[in-house]
Amino acid sequence: MTVNTAPDKAATRSRRPARNGAGIGERSPVYWLYLIPGGLLFTAVIVVPFVMNIGLSFADWPGVGEISWTGLDNYSRLFSDDTFWTSFRNSVAMIIAMVVVPTAIGLVLASVLFDIIGKRFGARTASTLRAMYYLPQILPVAVAGIVWGWILRPQNGALNTLLESVGLDGLAQNWLGDPNTALPSVMAILVWVQIGYPVVIFMAALQRVDPDLYEAAELDGAGWWRRFRAITIPQIRPEMFVVALTATIASMKVFGPIFVLTGGGPGDATNVPSYFAYQHFFERANVGYGSAIATILTLIIIVLSVIFIRFQARSERKDTGR
Amino acid sequence: MTTTQAAPPTTPNNGALPARRDRHHRGAARWIVLALLVAGALAMLFPFAVIVLNAFKTPADYSNSGPLSLPTSFYLDGMIDFWNRVNFGQKLWNSIMIAGSVAILAVIVSLFNAYALGIGRVKGRLSIIVLFLIANMLPHEALIYPLFYIANQVGLYNTQLAVIIIFTVIQSAFGTYLLASVFSTFPKEILEASALDGASKWQILWRVVFPMSRPTLSVLVVFFFIWTWNEFFIPLVFLISNDKQTIPVALGVLQGDRLMDATTTSAAALLGVIPAIIFFLFFQRTLSRGISAGAVK
């Protein structure tokens, strides 16, 4: 409490006679001092590396020795690189697995949990079920990958054994090792990981919806489906945007599950941009090429975010205009 | 216990017949819905169940009767073996140390930033907040090589300090954004009253703003801790020696090498799952409160 910084004291002294009550302390330059530690760290850890990365994307560099500047070579090479296109195609698969499917299922689950289970079986039942669906979300992705990699083992794996025990031997296979099933398997795992996120957020969102709306609809004889479409979806649209945006960004950045489960393979069947960049940075010593991949990935994420936010702003305007 | 509250038993407002038929119909349907949801929830938990089932099996038991049978004996040696082989206690400590330091430091940095942006309303605060928001979206791949290079140059490569610094900044980018918007609605009268009492900015921060925002700050501490605990990519690149790795990195590398047999993998997975479940049980309240706060802001 006696700890005090000199500039602070000076500011307090100079400010007191100057202002007359209203807006005391507003816009005082002293506040800039509080941005110094954060600003320095931010510059060193985010801004400088980010700019360096963009710079390196115009170079050919193995990580040591001379940097040779090659202009747009990396980018033109990328556009004719099949792996590059495969990895971004797989990003679309990641969006389906982490955004589209979980959001759709999550909406239904949250609405049923809130509107039917919570009301007919008590809030306790609803929150217990919610916790069960949320559990995979708290696992480190690497650990989730180990769990599933183990379940999907071709020999003696739990899934294959389960299929055999119910007489579906024909379906048993090398889930992660076969190029035809590797991507769908990874997608299914990501759905499992991701589903709790929209459920929890949508249920929280439903709590702020006026219960009278539901009650009135119910009295009017609207069934669950009608209430779902006419009340639930429009009311929690802001949260749907938040979930869709954050999950889309996360799905563009998927790395851990790929590293642990498939290493991008078989072939490039499950390669994704971040793993593709990692390979060039740390396995093939193509730093410039890796930087170009990372730069394009960043660009796509920013463009997607801008589109999302635009879309959200427009739909909000439409709402208030109505 | 199960307070079936706020479930108005379909008030018999008009025509008794349709109302009753409706109730009967819903009565059956809701049990079906409940059964479906429970089945779904159990399917979600299936992987955890299989892991627990096999973590305590002898390798022979596993190869004889497969992964779905009950263990014939309670076999702890596999897990103890694995614990000692990878020095799991040390990995646990590394994870706690890194995630704990980041949680505290990142909250302090966020608090300072947000004090200037949300309460101080410094010029250009909107663009600064947008900058933090963009930083939060950036893929770590777009920073990793320069970070790796710089860390090498300054002798921080393969140190936990480097990971702590990096995640302090990354987490505080989100914390700044969230706290700044929380602080922008901070009651002005209180700030003005303390300023009139002669409190300096530093004193206002610690004696007024800090205590009043403690609930939000504690949510952030929990978030930062768990997020950092779960991080994989940057620790994987930065922590190459075994004795410095965190739990996810150590397990991920082992799995990537595919050197573990089935029961060991299962024991390893269980060891990775347990801390997460402990956090979950501890912090469930805070988490769901915080998640909803994060969603609306």
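Keep in mind that this is a model prediction, so the values were computed, not measured.

A.B. asks: Explanation requested: the interface of chain B and chain A in the structure shown.
C.D. replies: Quoted interface sizes are often the accessible area lost when the parts come together. Listed per partner, the contact involves 107 residues of chain B and 101 residues of chain A. If you sort the residues of chain B by the area they bury against chain A, B:Met44, B:Tyr145 and B:Lys201 come out on top, with a joint share of 8%. For the pair chain B and chain A, the number of links is 0 salt bridges. Inspection of the chain B/chain A interface yields 7 residue pairs in polar contact (both at pLDDT 80 or more). Residue contributions to the side of chain B that touches chain A peak at 18 residues, all from helix 1 (residues 16-55) of chain B.

A.B. asks: Help me out: how do you make sense of the pattern of salt bridges in this one?
C.D. replies: Where charged atoms from two side chains of opposite charge come close, those side chains can pair. Residues and elements named next belong to chain A. Overall, the coordinates contain 2 salt bridges over all chains when judged by the stated rule. With a closest N to O distance of 2.8 Å, Arg 120 and Glu 218 form a salt bridge. Of the two residues, Arg 120 is situated in helix 4 (residues 82-120) and Glu 218 in helix 10 (residues 211-219); the sequence distance between them amounts to 98 residues.

A.B. asks: What is the right way to look at a nonpolar patch on the surface in this model?
C.D. replies: Together, A:Ile54, A:Phe58, A:Ile67, A:Trp69 and A:Leu72 line one region of the surface with nonpolar side chains, adding up to about 480 Å² of accessible area. Within the fold, A:Ile54 resides in helix 2 (residues 31-56).

A.B. asks: Would you mind going over the packing of aromatic side chains with me for this structure?
C.D. replies: Each aromatic ring pair is specified by the distance between its two centres and by the angle formed by the two planes. A complete count under the given rule lists 54 aromatic pairs over all chains for this structure. An angle of 90° between the planes, with centres 5.2 Å apart, marks the rings of B:Phe225 and B:Phe279 as edge-to-face. With B:Phe225 in helix 10 (residues 214-230) and B:Phe279 in helix 13 (residues 262-296), this residue pair connects regions lying 54 residues apart in the sequence. B:Phe279 carries the same exposure label as B:Phe225, and that label is buried. The ring of A:Tyr289 is capped by A:Arg77, whose NZ or CZ atom sits 4.0 Å from the centre of that ring. A cation over an aromatic ring shows up here: B:Arg30 above the ring of A:Phe121, its NZ or CZ 5.7 Å from the ring centre.

A.B. asks: What exactly am I supposed to notice about helix 7 (residues 158-165) of chain A here?
C.D. replies: Residues separated by three or four positions in an α-helix point in the same direction, a consequence of the helix having 3.6 residues per turn. Taken together, the buried positions of helix 7 of chain A are occupied by A:Ala158, A:Asn160, A:Thr161 and A:Leu163. At the C-terminal side of helix 7 of chain A, A:Gly167 shows a positive phi close to 80°.

Thresholds, definitions, all that
Residues numbered from 1 in each chain as written. Chains lettered and ligands numbered in written order. Predicted model: local features only at pLDDT ≥ 70, side-chain atom pairs only at ≥ 80, totals over all residues. Heavy atoms only, no water. Contact = heavy atoms within 4.5 Å. Buried area = accessible area lost by both parts, 1.4 Å probe. Salt bridge = Lys/Arg side-chain N within 4 Å of Asp/Glu carboxyl O. Polar contact = N/O pair within 3.5 Å; in protein donor to acceptor, adjacent residues only side chain to side chain. Helix = DSSP H or I, 4+ residues; strand = E, 2+ residues; numbered from the N terminus. Patch = residues over 30% accessible without salt bridge, like charges linked within 9 Å, V, L, I, M, F, W, Y side chains within 5 Å. Areas by Shrake-Rupley, 256 points an atom, 1.4 Å probe, with all protein chains shown as cover. Phe/Tyr/Trp six-rings, centres within 6.5 Å; stacked < 30°, edge-to-face > 60°. Buried < 20%, exposed > 50% of the residue type's maximum accessible area, 1.4 Å probe, protein only. Lys NZ or Arg CZ within 6 Å of the ring centre and 35° of its normal.

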